[in-house]
Amino acid sequence: MAENIHDVKIDPRNLEILISVNGRLMPRAEAAVSVFDSGFILGDGVWEGLRLVKGGVPFLREHIERLYEGAKAIFMDIGLRPEELVARLFDCLDANRMQDGVHIRLMVTRGVKATPYQDPRVTISAPTIVIIPEYKTPNPEKFENGLSLHTVNVRRGAPDVQDQKLNSHSKLNCITACIQAANAGADEALMLDPLGFVATCNSTHFFIVRRGELWTSTGQYCIPGITRGNMIRLANELGIPAFEKQFSLYDVYGADEAFVTGTFAGLIPVRVIDGRPVRHPLSDAPWQGPGPISRQLSAAYKELCTRDARRSL
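Residues numbered from 1 in each chain as written. Predicted model: local features only at pLDDT ≥ 70, side-chain atom pairs only at ≥ 80, totals over all residues. Heavy atoms only, no water.

**Q** Before we go on, may I ask you to explain the overall build of the chain in this structure?
**A** The number of helices and strands found in the chain is nine helices and 14 strands. For 313 residues, the compact-globule estimate of 2.2 N^0.38 gives 20 Å, and the C-alpha radius of gyration of the chain, at 20 Å, lies within 12% of that figure. Overall, the chain is about 60 × 40 × 35 Å in size when its C-alpha atoms are taken along their principal axes. In the chain, buried positions account for 51% of the 313 residues. A fraction of 72% describes how many contacts in the chain between residues 6 or more apart in sequence connect residues 24 or more apart. Summed over its atoms, the accessible surface of the chain is roughly 15,100 Å², and 54% of this surface lies on carbon and sulfur atoms. Treating the 35 positive side-chain charges of the chain as one cloud and the 36 negative ones as another, the clouds have centres 0 Å apart. (Helix = DSSP H or I, 4+ residues; strand = E, 2+ residues; numbered from the N terminus. Rg over C-alpha atoms; globule rule 2.2 N^0.38 Å. Buried < 20%, exposed > 50% of the residue type's maximum accessible area, 1.4 Å probe, protein only. Contact = heavy atoms within 4.5 Å. Areas by Shrake-Rupley, 256 points an atom, 1.4 Å probe, with all protein chains shown as cover. Lys, Arg positive; Asp, Glu negative; His and termini not counted. Charge placed at Lys NZ, Arg CZ, Asp CG, Glu CD.)

Structure, rendered in structure tokens:
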């Protein structure tokens, strides 16, 4: 049975966590927002996923910058200075006595509306800011066993429809892609751009390794992934030729290695795509686990996360 990137063992500590709702710390069972909230009614908001590593958040500035850039793009004032939002984030983490092995969802919506209607002018409150920290770590078996991907017919659309660079609460196209992949027995959906080139996955970024080169999409049809950018940066530092370019499924099926990336799990290898084992086209050997470049980048990324974990901008 196919699983998903966030399949983890339920940690009983999460039943007792405090969640920050507009700066108020509330027990998990009591944390709630209004049914008139813009995020609930329309998916009108932006969000970030972060990790807590040894008391700090890796790439904190990049995450907060992306959140505020997204808010600016949809003409939404978050209502707090970046430093104030970071302070609220760590107030929540400290109240939960959290130090490591934590995944955080930081969400900002436009706020409560006077009536269920899309016009921002009927918003009658300040933005809603919710911070949910959970003890949550990737399943190490996924790194060794790899993922199965299925190419779906749900496309990543052009920016004049909805810019895919925006990390918004409106994720329905990714959800329908995820459903289609799950119904096909896969772990994750591989999505194409409007021209049929490979774009990204429904919840992660996608890379292939071909003959010693690292390839990923142009980035025009996916959010500006922070883990994605760090993989490219690390590849350059390690002397691995890395390219952001257009490529097709033909290139994917002939790749030596493939993997996906994201803030939660870091780097997870891919073992099969559309029923084709990930391996050099001249090989008929079964999948042997993560390839050498995948392992090298994964190790380098973990070290980078530890070095970059911080508590301030």
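Further notes follow.
**Q** Where do I start with the packing of aromatic side chains in this structure?
**A** For any pair of aromatic rings, geometry is given as the distance between the ring centres together with the angle between the planes. Tallied over the full model, the rule gives three aromatic pairs. For the ring pair Phe207 and Phe259, a centre distance of 5.0 Å and an interplane angle of 15° mean the geometry is stacked. With Phe207 in strand β9 (residues 205-210) and Phe259 in strand β12 (residues 257-262), this pair connects stretches of sequence that are 52 residues apart. Residues Phe207 and Phe259 agree in their burial class; the two are buried. Positioned above the aromatic ring of Trp47 is the side chain of Arg105, whose terminal nitrogen or guanidinium carbon lies 3.8 Å from the ring centre. (Phe/Tyr/Trp six-rings, centres within 6.5 Å; stacked < 30°, edge-to-face > 60°. Lys NZ or Arg CZ within 6 Å of the ring centre and 35° of its normal.)

Any link to function would need more than the numbers given here.
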